[in-house]
Amino acid sequence: MRYPHPIRALLLAAALTMAASAAASDFEMLMVEVSFNGSDDASAFVLRDEEEHYWIEESVIEAWRINGHRPPAVEHRGIRFLPLAGFQGSSASFDKSRVRLDVTIPPRYIHTQVRAIRQDREAPASAGLGLFADYDLAYQESADDEDLFTALLKPTFFSPAGVFRNALLYRHGSAGTDDDSVWDDYRDDWDEDDDNGVVRLESTWVRDDPVRLRSLRLGDGILAPGMLGSAARFGGIQLATNFDTRPDLVTFPLPRIAGEALMASSVELYVDGQLALSDDVGSGPFRYHDIPVVTGAGQLSLVTRDLTGREQVVVTDFYASQRLLRRGLSEYSYSLGAFRNDYGMESNDYGEAFLSGFHRYGVSDRLTLEGQLQSSREISRAAAGATWSMPRLGVTSVGVGASRADDGGTGLESFFAHEYRTRRYRANMAVRYSSRDYRQISDDEYRSRPRLSATLGGGVNFDRFGALSAGFGRREYRDAPSLNLVSMSYSNSVGRNWSVVGYGSYLDGEDSDYTVGISLTRFLGQRRSASSDVSLD
């Protein structure tokens, strides 16, 4: 008679319970060599009844990494034994000539072996006392015999108390600005001669905290834009995540893959057809996580071969993107200060005060949420967004923002973006729509916000033959002509120390314009390089 599954389970439990209470004379105690799922032999005590059922020493079961499942035990001569029949699907074969018991237990009863391929190692933090400086020199000459020389100097002082950074810009000459430049509207009193001389760009004291992955900044800083915001320079105080304090840390989710071995097996892991790992695993489930991959779409293949030559292959797709945060990881920026005016022209011109908070959180390895709240004397703003990935489709971001201005009412903004890339191909698009009354807290009266902004781009990697990329952008204004921009570039490495980039763009608007150029770079080591650029417009 065949009983329903719940009844069979009750009958099995009852049988095991009765067996556990059986008299000691019902069993034969043996010292044998036990092989578990094809692994090496080990000596152990076992019990055997008249029907050739076996009980295994409990300490041996523990050594086999059996999970929390435990059938009723029987005690014999002070030793606890567990019935093999208590693990459904298990079997035992006794070889009398070799006094060996071959035991097979399904992998579902065995603890999963978890192995991280990439390990995040926290480097010990040390702080000394010293000073260094970075510099950048540039000379520009136009066809109108106008030249411009600029020198950027960044002296930095570091100590156990923190790091003080400063940036100074020296400019001499003329940039060839036309009389109808937009700067005339931006600064009516701007004089070309005032552009020469030294300008302080920024001065900031920074205290890094590598343990908490954050930095405290006092002085000049940059406002975190988020999905719907805009970056802006300011002076004040900022507490923000700084992943740069841990260069070894990967902030975006890395793929994982799992398999199952009935007996001890060898494992090969392939990433996009390339061998990434060879390993040995014991019987039972196993899982690899934090597998190093290149961002974009890809495929993992896990090949398992046991001692009998039997082979299993597990294939899974993945999509890795830096636009996502790993599960449980946060990124934030909280700022209080005043916006910087005329950056690059004035050394100490600060404007309206503001308060800003931005936070992102990795809900899962495929979903990241973010939110932002900002307020100034005239504008209040809130925004929220989500980014998620689909292994075969790419990564998508959507967001919505709202603002309220004292003199402009309430405005809304929406955002949509999608990206898909592989090792060879890349495609991306983004669309942003703003209502008439929508404002950013960093907006000023000279800036006209587009009603619609859209970008479309793509590229192809030809490996040793270089890379080609192209893009199209459009901006539509309510009170000004629309702008269309088409661009294309090609880049390639020449030898070990040279890089060449050719580029071109065409701008179509109230006034059309084009640019064609070529740039050549010579690398002079890990920290130095020299470049030359020639363009026609």
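Residues numbered from 1 in each chain as written. Predicted model: local features only at pLDDT ≥ 70, side-chain atom pairs only at ≥ 80, totals over all residues. Heavy atoms only, no water.

For the rest of this paragraph, the subject is the overall build of the protein chain. Broken down by element type, the protein chain carries three helices and 33 strands. When burial is assessed residue by residue, the protein chain has 36% of its 537 residues classed as buried. Carbon and sulfur atoms make up 53% of the accessible area of the protein chain, which totals about 31000 Å². (Helix = DSSP H or I, 4+ residues; strand = E, 2+ residues; numbered from the N terminus. Buried < 20%, exposed > 50% of the residue type's maximum accessible area, 1.4 Å probe, protein only. Areas by Shrake-Rupley, 256 points an atom, 1.4 Å probe, with all protein chains shown as cover.)

The next thing to look at is a nonpolar patch on the surface. A cluster of nonpolar side chains, Tyr135, Leu137, Tyr139, Phe149, Leu153, Tyr170 and Val198, forms an exposed patch at the surface whose accessible area comes to about 760 Å². Sorting the residues of the nonpolar patch by element identifies β9 (130–141) and β10 (147–159) as the ones contributing at least two each. With three residues, β9 is the largest single contributor of residues to the nonpolar patch. Structurally, the position occupied by Tyr139 is in strand β9. Exposure remark for Tyr139: the relative accessible area of 51% places this residue in the exposed category. (Patch = residues over 30% accessible without salt bridge, like charges linked within 9 Å, V, L, I, M, F, W, Y side chains within 5 Å. Salt bridge = Lys/Arg side-chain N within 4 Å of Asp/Glu carboxyl O.)

Among the nonpolar cores identified, the biggest contains 20 residues, and Val46, Ile56, Trp64, Ile66, Val103 and Ile105 are the most heavily contacted of them. Elements with a minimum of two residues in this core: β1 (28–36), β2 (42–48), β3 (54–57), α2 (58–63) and β7 (100–104). Considering each element in turn, this core owes the most residues, four residues, to β1. Non-local contacts of Ile105, meaning those with residues more than four positions away in its chain, are made with Phe36, Asn37, Trp64, Ile66, Leu84, Phe87, Ser90, Ile110 and Leu262. (Core = buried A, V, L, I, M, F, W, Y, C linked by side-chain atoms within 4.5 Å. Contact = heavy atoms within 4.5 Å.)

Here the focus is the sheet that holds strand β17 (residues 274–281). Taken in spatial order, the four strands of this open sheet run β17-β16-β19-β20, and their pairing is antiparallel. Two strands in the sheet have a free side with no partner beyond their single neighbour: β17 and β20 (311–320). Adjacent strand axes in the sheet meet at a mean angle of 20 degrees, parallel and antiparallel pairs treated alike. By the bridge criterion, seven bridges tie strand β16 (residues 265–271) to β17 in an arrangement that is antiparallel. Looking across to β17, one finds that Ser266 is bridged to Asp280. (Pairing = 2+ DSSP bridges. Axes fitted to C-alpha atoms, helices over the stretch in contact; angles between N-to-C directions.)

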